[in-house]
Amino acid sequence: MAKTNPGNFFEDYSIGQVINHAVPRTVSGGERALYHALYPARHALYSSDEFARASGLPAAPLDDLASFHVVFGKTVPDISLNAVANLGYAEGRFLRPVYPGDTLRSVSEVIGLKQNSSGKNGVVYVRTKGLNQRDEVVLEYVRWVMVKKRDLDAPAPETVLPDLQKVIPAADLVVPEGLDFSNYDFTLAGDPHRWADYDVGEIIDHIDGVTVEEAEHMMATRLWQNTAKVHFDATVRPDGTRLIYGGHVISLARTLSFNGLANAQMVVGINGGAHANPCLSGDTVRAWTEVLDKAETDAPGVGALRLRLVATKGSEAGALKGDDGKYLPDVLLDLDYWVLIPL
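This structure is a prediction, so every number in the text was calculated from the model and none was measured.

**Notes on the overall build of the protein chain**
- Summing up its helical and strand segments, the protein chain has 9 helices and 11 strands in all.
- The C-alpha atoms of the protein chain give a radius of gyration of 20 Å, which matches the 20 Å a tight globule of 343 residues would have.
- Dimensions along the principal axes, computed over C-alpha positions, put the protein chain at roughly 65 × 50 × 40 Å.
- Counting over 343 residues, the protein chain shows a buried share of 54%.
- Contacts spanning at least 24 positions in sequence make up 78% of the contacts within the protein chain whose residues lie at least 6 apart.
- Summing over all exposed atoms, the protein chain offers an accessible surface of approximately 14,400 Å²; the carbon and sulfur share of this is 51%.

**A short note on the environment of serine 28**
- Inspection of the secondary structure puts serine 28 in the loop between strand 2 (25-26) and helix 1 (29-38).
- In this structure serine 28 comes out as partly exposed when scored by relative accessible area, which is 34%.
- For the pair formed by serine 28 and leucine 62, sequence separation is 34 residues and the distance between their alpha carbons is 8.4 Å.
- Excluding residues that lie within four positions of it along the chain, serine 28 makes contacts with Leu62, Pro100 and Gly101.
- Among the polar contacts made by the side chain of serine 28, one reaches the main-chain amide nitrogen of glycine 30 at a distance of 3.0 Å.

**Describing the side chain of threonine 312**
- Tracing the backbone shows threonine 312 in strand 10 (residues 302-312).
- For threonine 312, a relative accessible area of 1% corresponds to the buried category.
- Among the polar contacts made by the side chain of threonine 312, one reaches the main-chain amide nitrogen of serine 315 at a distance of 3.3 Å.
- Other than its neighbours up to four places away in sequence, threonine 312 contacts Thr284, Val285, Arg286, Trp288, Asp330, Val331 and Leu332.

**Comments concerning the nonpolar core**
- Among the nonpolar cores identified, the biggest contains 55 residues, and Phe68, Trp224, Val285, Leu305 and Tyr337 are the most heavily contacted of them.
- When residues of this core are assigned to their parent elements, the largest contribution, 7 residues, is made by helix 4 (residues 64-79).
- The residues contacting tryptophan 224, other than those within four sequence positions of it, are Arg25, Tyr35, Tyr39, Ala66, His69, Val70, Gly73 and Tyr245.
- Counting 24 residues, the second largest nonpolar core, distinct from the first, contains Ala44, Ile168, Ala295 and Leu340.

**A closer look at the packing of aromatic side chains**
- Applying the stated criterion to the full structure yields 11 aromatic pairs.
- Between phenylalanine 72 and tyrosine 245, the aromatic rings sit 5.4 Å apart at their centres with planes inclined by 45 degrees, giving tilted as the arrangement. Of this pair, phenylalanine 72 sits in helix 4 while tyrosine 245 sits in the loop between helix 7 (229-232) and helix 8 (246-256), and the two are 173 residues apart along the sequence. No difference in accessibility class separates phenylalanine 72 from tyrosine 245, as the two residues are buried.
- One aromatic cluster is present, built from ring pairs that chain together Phe68, Phe72, Tyr89, Tyr141 and Tyr245.
- Taking NZ or CZ as reference, lysine 321 lies 4.8 Å from the ring centre of tyrosine 327, over its face.

**Overview of helix 4**
- With 16 residues, helix 4 should reach 22 Å at 1.5 Å per residue; the first-to-last C-alpha distance of 22 Å fits that figure.
- Within helix 4, 15 of the 16 residues are buried, which leaves the element mostly enclosed by the surrounding structure.

**Some remarks on unusual backbone geometry**
- Residues tyrosine 39 and proline 40 are joined by a peptide bond in cis, for which omega reads -25 degrees.
- Counting through the fold element by element, proline 40 comes out in the loop between helix 1 and helix 2 (44-47).
- Phi at glutamate 91 is positive, roughly 50 degrees, even though this residue is not glycine.
- When you line up the elements, glutamate 91 lands in strand 3 (residues 83-94).
- In this model, aspartate 135 sits at a positive phi of 65 degrees, which is unusual for a non-glycine residue.
- Position of aspartate 135 relative to the elements: it lies in the loop between strand 5 (121-131) and strand 6 (137-148).

Rules of the game
Residues numbered from 1 in each chain as written. Predicted model: local features only at pLDDT ≥ 70, side-chain atom pairs only at ≥ 80, totals over all residues. Heavy atoms only, no water. Helix = DSSP H or I, 4+ residues; strand = E, 2+ residues; numbered from the N terminus. Rg over C-alpha atoms; globule rule 2.2 N^0.38 Å. Buried < 20%, exposed > 50% of the residue type's maximum accessible area, 1.4 Å probe, protein only. Contact = heavy atoms within 4.5 Å. Areas by Shrake-Rupley, 256 points an atom, 1.4 Å probe, with all protein chains shown as cover. Polar contact = N/O pair within 3.5 Å; in protein donor to acceptor, adjacent residues only side chain to side chain. Core = buried A, V, L, I, M, F, W, Y, C linked by side-chain atoms within 4.5 Å. Phe/Tyr/Trp six-rings, centres within 6.5 Å; stacked < 30°, edge-to-face > 60°. Lys NZ or Arg CZ within 6 Å of the ring centre and 35° of its normal. Expected span 1.5 Å × (residues − 1).

Encoded structure:
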């Protein structure tokens, strides 16, 4: 009897299937330190317990995207071990801060299936929830991934495409209990710009770039326990390269956005996202942001910005798609998300 698990292939999924992912993980300050070393993240709310307490929280939470990576990594052996590529995200909401000492686990439900015309693979849509030790949902998101077929003669399933929100309404964003930016310290945060200083349609060039190295990517995928073959095994892809984990690019771009958006302290929603082109070791990642919308919240001193964060290998700020409507070849990531920022 086989003891090993080759992972799920496209024909192994069915609509409504619920997968409880293995290996819960208790997070600590170690995850924060490694996250800040890898990217390096600098937002004050996640860096300083004292800054977080002055903002109404009991301590500095784990970076939102670090929590996302932990929850995402749990799903890989069941969802994307045999993936060709992770394609996109939608309806992502960060519902509760995660603190050192919390234990996270992940549960996914299959909500969509579509076999590709080649018959060699298909797209699987899943809604994933990350839960803490109290069974509270800390975050949830939908993603879709292209997965290989094991048996090319296996019949195609009925196509089911989920109806997904293009944008999470501002009223549905969850502001952490107690968050208060009334006495926000702009000096310690490192930037004087507040919610009122940003205009819809404004484009911010974040200027800096980071060259992705093989070693840091491998450390990141191991840290997040992301075992997808395309990230680890250079023999899986025809060109002999290892894809950089898409979440690694998201965190790099978010970190680069500090220069111009240092006060965009918390990620509270992911409206949509696409990994437009593959990122490989040696690529230099740069980023720019377009302000898409603004909203006030009920929390004292707290506003929300809807942002488009674009990671590129060199395209000019504002350049996204060509005349044919396709992403430019240098565009790596197109992420539409909500952040909280002082009014």
